[in-house]
Amino acid sequence: EADIYQTPRYLVIGTGKKITLECSQTMGHDKMYWYQQDPGMELHLIHYSYGVNSTEKGDLSSESTVSRIRTEHFPLTLESARPSHTSQYLCAVGGGGDIQYFGAGTRLSVL
Amino acid sequence: AQSVTQLGSHVSVSEGALVLLRCNYSSSVPPYLFWYVQYPNQGLQLLLKYTTGATLVKGINGFEAEFKKSETSFHLTKPSAHMSDAAEYFCAVSLSGGSNYKLTFGKGTLLTVNP
């Protein structure tokens, strides 16, 4: 059974639309992460959070924003989607010993 | 700064053959090391991890990896490949002691298994 839920799994949207990618976890851990992954490429950290009301930008600059109002919820928002935002977005939860557990991902396509 | 290098973006083996996926890292402190597997259209699944202690670590699906400090390597092996092993494999490193909760990933190696 999945402990990390990402919705939607697939999203095709037009340029200029506002979108929110959802990530929820039932693991009760404080640390959560968003990665961006282009096909056949490595993961790039774009946002992370160490707990409620804590958010930081990652190593890769991103036009997206995140919020962490509840421990179990870490949504990512794009105010105005562009074709350059087309990618796969992976949410992860940090456990003990620096292990990270991943959701199934959201594959975003902006037309 | 820490970094991870995976040698070979694509490895192809025959079913039943040895699988060897190479990973070298750089870190200024003793690292925590991880191997993840990603099947098409899915997230990453943890295969195995090294933190401290025994340098040969065993993971799921018959995979194992050996931490060699002198070679700064953490290569992944499996004695006999199965068709279901076809996937993308990522090596990752983290600073030890929990002082840095971020992982640095390699570019990944795509494993193809031929019948």
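The coordinates are above.
Residues numbered from 1 in each chain as written. Chains lettered and ligands numbered in written order. Predicted model: local features only at pLDDT ≥ 70, side-chain atom pairs only at ≥ 80, totals over all residues. Heavy atoms only, no water.

S.K.: Any chance you could break down the pairing of strand 11 (residues 106-110) of chain A for me, citing the residues and the numbers?
M.R.: Residue and element names in this part refer to chain A. Of the two faces of strand 11, only one is covered, namely that formed by Thr106, Leu108 and Val110; the face formed by Arg107 and Ser109 stays uncovered. Direction of pairing for strand 2 (residues 10-13) relative to strand 11: parallel, over a ladder of four bridges. Within the sheet, the bridge partner assigned to Tyr10 lies in strand 11 and is Arg107. (Buried < 20%, exposed > 50% of the residue type's maximum accessible area, 1.4 Å probe, protein only. Helix = DSSP H or I, 4+ residues; strand = E, 2+ residues; numbered from the N terminus. Pairing = 2+ DSSP bridges.)

S.K.: I'd love a proper account of the sheet that holds strand 6 (residues 56-58) of chain B, names of residues and values included.
M.R.: Residues and elements named next belong to chain B. Taken in spatial order, the five strands of this open sheet run 1-3-8-7-6, and their pairing is antiparallel. Because the sheet does not close on itself, it has two edges, and the strands there are strand 1 (3-7) and strand 6. The mean inter-strand angle of the sheet, taken between neighbouring strand axes irrespective of direction, is 20°. In the sheet, strand 1 pairs with strand 3 (residues 19-26) via five bridges, with the strands oriented antiparallel. (Axes fitted to C-alpha atoms, helices over the stretch in contact; angles between N-to-C directions.)

S.K.: Lay out the interface of chain A and chain B with the relevant residues and their values.
M.R.: The interface of chain A with chain B comprises 24 residues on the first partner and 21 residues on the second. Summing both partners gives a buried area of about 1,800 Å² for chain A against chain B, and 54% of it is carried by carbon and sulfur. Remark: the boundary between chain A and chain B carries two salt bridges. Across the pair Asp59 of chain A and Lys102 of chain B runs a salt bridge, and its minimum N-O distance is 3.8 Å. Counting across the interface, chain A meets chain B through seven residue pairs in polar contact (both at pLDDT 80 or more). (Contact = heavy atoms within 4.5 Å. Buried area = accessible area lost by both parts, 1.4 Å probe. Salt bridge = Lys/Arg side-chain N within 4 Å of Asp/Glu carboxyl O. Polar contact = N/O pair within 3.5 Å; in protein donor to acceptor, adjacent residues only side chain to side chain.)

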